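This is what each chain is made of:
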Amino acid sequence: METPVAALRARLAAALGAIGEGDCAPQIAPAADRRFGDYQTNVAMVLAKPRRENPRKIAADLVARMEVADFCEPPEIAGAGFINFRLTPAHLGERVNAMAVDPRLGVPAAAAPRTIVVDFSAPNVAKPMHVGHIRSTILGDTLARVARFLGHRVTGDNHIGDWGTQFGKVIYGWKHFLDRAALESEPVTELVRLYRETNALGDRDSAVSDECRRELVLLQAGDPANLAIWEQCVALSWGEFEKMYTLLDVAFDERLGESFYNDRLAPLVERLLASGLAEISEGAACVFFRDNPALADKPCLIRKSDGGYLYATTDLATLEYREERWNPDAVWYVTGAPQALHFQQIFETARRMGIAADLRHVAFGSILGEDRRLMKTRSGDNVQLADLLGEAVVRAAAIVSEKSPGLPDAERAAIARAVGIGAVKYAELSQHRMTDYVFSWEKMLSFQGNTAPYLQNAHVRIRSIFRKLPEGDAALRGPVHPVEPAEMELARRLVLYGDTVPLILEDFRPNLLAAYLYELADAFHGFYEACPVLKSDGDTRASRLGLCGVTAAVLRHGLGLLGIGAPDRM
Ligand code: ARG
């Protein structure tokens with residue numbers, strides 16, 4: 001069944017054709033104010049100017065020609081010329097019943113599946129991980145999940161920073177003051193310590209900096225001892241990253257770090273020079289964008305005068321490789337807003353290289369501490385993701401133990417994980433990605449308000465209704481025929497699901513799904529208070545159970561797209 005918006009659009013298109021506006025692509029959106037209807041269009045107002053007509057008259061003409069009686073109440077005209085649509089109760093029931101037997105829950109697959117590379121997470125080996133990596137990991141994973149569900153061919157690639165100038169320092173530190181025991185118990189912390197201490201030494205003593213540069217040159221030249229140290233750094237760091245990914249339930253199809261592209265850098269720069277796309281300026285190879293006002297004075301450096309390559313060079317080589325291997329329609333780079341200029345330069349250079357893929361920088365803002373400044377630990381360091389996730393689970397475990405002391409230990413641990421990790425993810429995903437949001441444990445773990453525990457709890461409530469059913473789970477469910485206002489409201493919310501999920505990818509906004517789920521949970525609570533389920537009987541009971549079943553399925557599915565678990569009890 002097509003979604004309500006698609007169905008309305010088709011009927012509206014026919015009416016538009018009848019008044020000579022067949023080329024017009026009308027907007028249809030869920031109504032802002034539900035008292036006036038379920039959906040509305042402003043198309044009459046859009047057409048008023050070019051047609052030099054009163055928008056209310058155009059609206060009346062369209063309504064007179066629109067045939068929707070099979071699923072809508074007679075459309076109403078409101079305000080300056082909005083047309084409002086309300087689905088009939090019978091049609092709402094039909095749609096909910098269709099969702100009950102549809103594994104896609106009314107969400108259509110994309111009409112034209114695309115090949116998409118999602119570049120996300122990408123922490124750096126032997127460098128402190130910053131909160132930007134948390135946001136990238138959570139956001140990128142959700143976008144990949146949604147795109148996959150919509151039928152796109154998705155490759156999630158973790159472009160880890162496993163090559164770079166930091167290794168000169170780390171290798172120096174490794175050779176001079178490595179603490180083996182620390183390396184074994186907390187490898188990343190030890191690698192970061194080596195990096196930092198060497199850095200501090202180098203600031204005071206230029207002989208140390210020279211040594212670091214030498215170690216780096218040796219590594220780049222393939223010196224076996226330095227390569228072996230580097231390999232251990234990468235393997236140890238990856239081991240730690242993997243623990244987090246397991247905890248977060250985040251997976252990648254590829255893990256092609258920066259080092260993978262080493263051999264491609266030199267020939268790439270030579271080719272760009274030979275083709276005239278790049279030129280030598282003061283000994284360095286650069287791409288100039290003289291005809292692009294935004295970038296005219298911001299050339300992209302691709303080889304330094306000392307012969308070293310840069311972040312940009314690797315990204316261009318990476319993109320070329322992705323073109324060769326996947327020929328993607330789109331590449332999404334889920335990386336913080338401060339990298340905007342870097343990606344503008346990469347995208348512009350790629351365009352000149354003839355790369356046609358739709359390249360997007362999926363940027364995001366910062367996470368702030370409760371003092372509204374960039375989130376740091378008390379000692380002023382970046383917060384370690386592992387610590388943060390660990391604390392989330394511990395805090396959630398305390399809450400779960402208090403609320404449900406009787407649960408078996410293993411189940412309680414699994415629930416604490418779903419609630420704690422879910423809370424952290426939801427705090428991220430319920431915000432517009434560009435928002436700088438305040439990280440607050442109390443807020444994100446609250447059972448009230450727009451939080452993961454609130455949504456998980458709505459799901460738990462429904463599951464507990466079904467557990468109380470003596471006759472068993474499925475037997476007495478549906479068909480749904482909404483009658484009471486609270487039943488209608490819940491049904492309306494449910495049928496919006498199919499039009500909500502695809503919107504996420506339009507501007508990379510999982511927060512639209514979060515807001516939808518929050519309103520759905522609200523509608524469910526309204527229904528639950530107004531309409532007894534187990535204490536009703538006959539068809540009413542079956543219909544209410546049907547509504548409950550589909551609500552639980554949508555909550556679970558929607559949370560799943562956000563990478564958040566929905567336990568049966570909590
Ligand atoms: N490692 C980089 C950082 O920590 C992020 C890499 C993002 N992806 C890319 N293709 N540039 O900032």
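Refer to the structure presented above.
Being a predicted model, the structure only gives us computed values, none of them experimental.

Undergrad: For this particular structure, what's the right way to read the nonpolar core?
TA: Across soluble globular proteins, nonpolar side chains show a tendency to be buried alongside one another. Ranked by size, the top nonpolar core spans 146 residues in total, and within it W332, L388 and Y497 carry the most contacts. Beyond its immediate sequence surroundings of up to four residues, Y497 is in contact with M99, L105, V107, L513, Y516, V554, H557, G558 and L561. If you look at the next biggest cluster of nonpolar residues, it comprises 29 residues, including A278, A285, L295 and L319.

Undergrad: What's the story with the sheet that holds strand β7 (residues 279-281) in this structure? I'm lost.
TA: Sheets are built from strands that pair by backbone hydrogen bonding, the pairs being arranged parallel or antiparallel. One open sheet accounts for three strands, arranged β7-β8-β9; its pairing is antiparallel. Two strands in the sheet have a free side with no partner beyond their single neighbour: β7 and β9 (300-303). Taken over all neighbouring pairs, the strand axes of this sheet differ in orientation by 50° on average, direction set aside. For β7 and strand β8 (residues 284-287), the ladder comprises three bridges, and the chain directions are antiparallel. Its bridge partner being in β8, E279 is matched across the sheet by C286. This element, helix α11 (residues 262-274), spans β7, β8 and β9 of the sheet and lies at about 120° to β9.

Undergrad: Can you help me understand the packing of helix α8 (residues 187-204) against helix α10 (residues 224-248) in this one?
TA: When two helices pack together, their arrangement is given by the angle between the helix axes and the distance between those axes. Running from amino to carboxyl end, α8 crosses α10 at an angle of 130°, the nearest separation of the two axes being 8 Å. Considered as vectors, α8 and α10 are oriented oblique to each other. Counting all contacts with α8, which are made through P187, V188 and L191, the residues of α10 involved are C233, L236, S237 and E240. Partitioning the contact of α8 with α10 into residue classes produces five nonpolar, one polar and one charged.

Undergrad: Where do I start with the sheet that holds strand β3 (residues 76-78) in this structure?
TA: Taken in spatial order, the four strands line up as β1-β2-β4-β3 in an open sheet, and their pairing is antiparallel. Only two strands of the sheet have a single neighbouring strand rather than two, namely β1 (29-30) and β3. Sheet analysis places strand β2 (residues 39-41) next to strand β4 (residues 82-85), joined by three bridges and oriented antiparallel. Note that in β4 the partner of Q40 across the bridge is N84.

Undergrad: Explanation requested: the site of the ligand in the structure shown.
TA: Residues in contact with the ligand, as listed here, are D119, A122, N124, H133, H159, Y311, D315, Y333, T335, Q339 and F343. Within the backbone of A122, an N or O atom sits 3.0 Å from a nitrogen atom of the ligand. One of the side-chain N or O atoms of H133 is found 2.8 Å from an oxygen atom in the ligand. Burial of the ligand by the protein chains amounts to 92% of its free accessible area of 350 Å². Taken together, the residues that form the shell around the ligand break down as four nonpolar, five polar and two charged.

Undergrad: Just to check I follow, could you spell out the packing of aromatic side chains for this structure?
TA: Given two aromatic rings, one states the distance between the centres and the angle between the planes to describe the pair. Tallying each qualifying case throughout the model produces 18 aromatic pairs. A ring pair is formed by Y321 and W326, whose centres lie 6.2 Å apart and whose planes are at 85°; its orientation type is edge-to-face. Residue class for Y321 comes out buried when judged on its relative accessible area of 10%. Centroid distance F439 to W441: 4.9 Å. Interplanar angle 85°. Geometry classified as edge-to-face. Each member of the pair, F439 as well as W441, carries the same accessibility label: buried. What links up through ring pairs into an aromatic cluster is the set F120, W238, F241, Y245 and F252.

Undergrad: Please explain the layout of surface pockets as it appears in this structure.
TA: Where empty space is left becomes clear once a probe the size of a water molecule has been rolled over the atoms. By volume, the second largest pocket amounts to about 910 Å³. If you trace the second largest pocket, you find 35 residues lining it, with D499, T500, P502, L503 and E506 closest to the centre. Going through the elements one at a time, α1 (4-18), β1, β11 (358-362), α19 (497-500) and α20 (510-530) are the ones with two or more residues in the lining of the second largest pocket. Per-element accounting of the lining of the second largest pocket gives the leading share, four residues, to α20. Here the lining of the second largest pocket is built from residues that sort into 21 nonpolar, five polar and nine charged.

Undergrad: Explanation requested: the packing of α10 against helix α15 (residues 409-429) in the structure shown.
TA: Where α10 meets α15, the axes come as close as 10 Å, and the angle between the chain directions of the two elements is 100°. Here α15 runs roughly perpendicular to α10, going by the angle between their axes. Each of T246, L247 and L248 in α10 lies in contact with α15, whose residues at this interface are R417, I421 and K425. Of the residues belonging to the contact of α10 with α15, the class tally is three nonpolar, one polar and two charged.

Undergrad: Looking at this structure, how should I read helix α5 (residues 131-149)?
TA: For α5, built from 19 residues, the straight-helix expectation of 27 Å at 1.5 Å per residue is met to within 8% by its first-to-last C-alpha distance of 27 Å. Counting buried positions along α5 gives 17 out of 19 residues, so the element sits mostly inside the fold. Among the residues trailing α5, G151 stands out with phi positive, at a value near 100°.

Undergrad: Hey, could you run me through empty space enclosed by the protein in this one?
TA: All told, the structure shown has one cavity of 30 Å³ or more when counted by the stated rule. Of the voids in this model, the largest cavity is the one considered here, and its volume is about 40 Å³. Lining the largest cavity are R34, D38, Y39, L87, R492, V495 and L496. Class assignment of the residues belonging to the lining of the largest cavity gives a composition of four nonpolar, no polar and three charged.

Undergrad: When you look at the environment of S543 in this model, what are you seeing that I'm missing?
TA: Counting through the fold element by element, S543 comes out in helix α21 (residues 538-561). Its relative accessible area of 1% is what places S543 among the buried residues. Once residues lying within four places of it in the same chain are set aside, the contact partners of S543 are G478, P479, V480 and H481.

Undergrad: Teacher, can you tell me more about the side chain of T115 here?
TA: Examined against the element boundaries, T115 turns out to sit in strand β5 (residues 115-119). What makes T115 buried here is its relative accessible area of 14%. Within the local environment of T115, its side chain forms a polar contact with the side chain of R153, the two groups lying 2.8 Å apart. Sequence-distant contacts of T115, defined by excluding residues within four places in its chain, comprise R153, W326, N327, P328, D329 and A330.

About the cut-offs
Residues numbered from 1 in each chain as written. Predicted model: local features only at pLDDT ≥ 70, side-chain atom pairs only at ≥ 80, totals over all residues. Heavy atoms only, no water. Core = buried A, V, L, I, M, F, W, Y, C linked by side-chain atoms within 4.5 Å. Buried < 20%, exposed > 50% of the residue type's maximum accessible area, 1.4 Å probe, protein only. Contact = heavy atoms within 4.5 Å. Pairing = 2+ DSSP bridges. Helix = DSSP H or I, 4+ residues; strand = E, 2+ residues; numbered from the N terminus. Axes fitted to C-alpha atoms, helices over the stretch in contact; angles between N-to-C directions. Parallel < 35°, antiparallel > 145°, perpendicular 65-115°, else oblique. Nonpolar A, V, L, I, M, F, W, Y, C, P; charged D, E, K, R; others polar. Near = heavy atom within 4 Å. Polar contact = N/O pair within 3.5 Å; in protein donor to acceptor, adjacent residues only side chain to side chain. Areas by Shrake-Rupley, 256 points an atom, 1.4 Å probe, with all protein chains shown as cover. Phe/Tyr/Trp six-rings, centres within 6.5 Å; stacked < 30°, edge-to-face > 60°. 1 Å grid on protein atoms, 1.4 Å probe; cavity = no way out; pocket = protein on both sides within 12 Å on 5 of 7 lines; lining within 4 Å. Points joined across faces, edges and corners; volume = space filled by probe spheres on them. Expected span 1.5 Å × (residues − 1).

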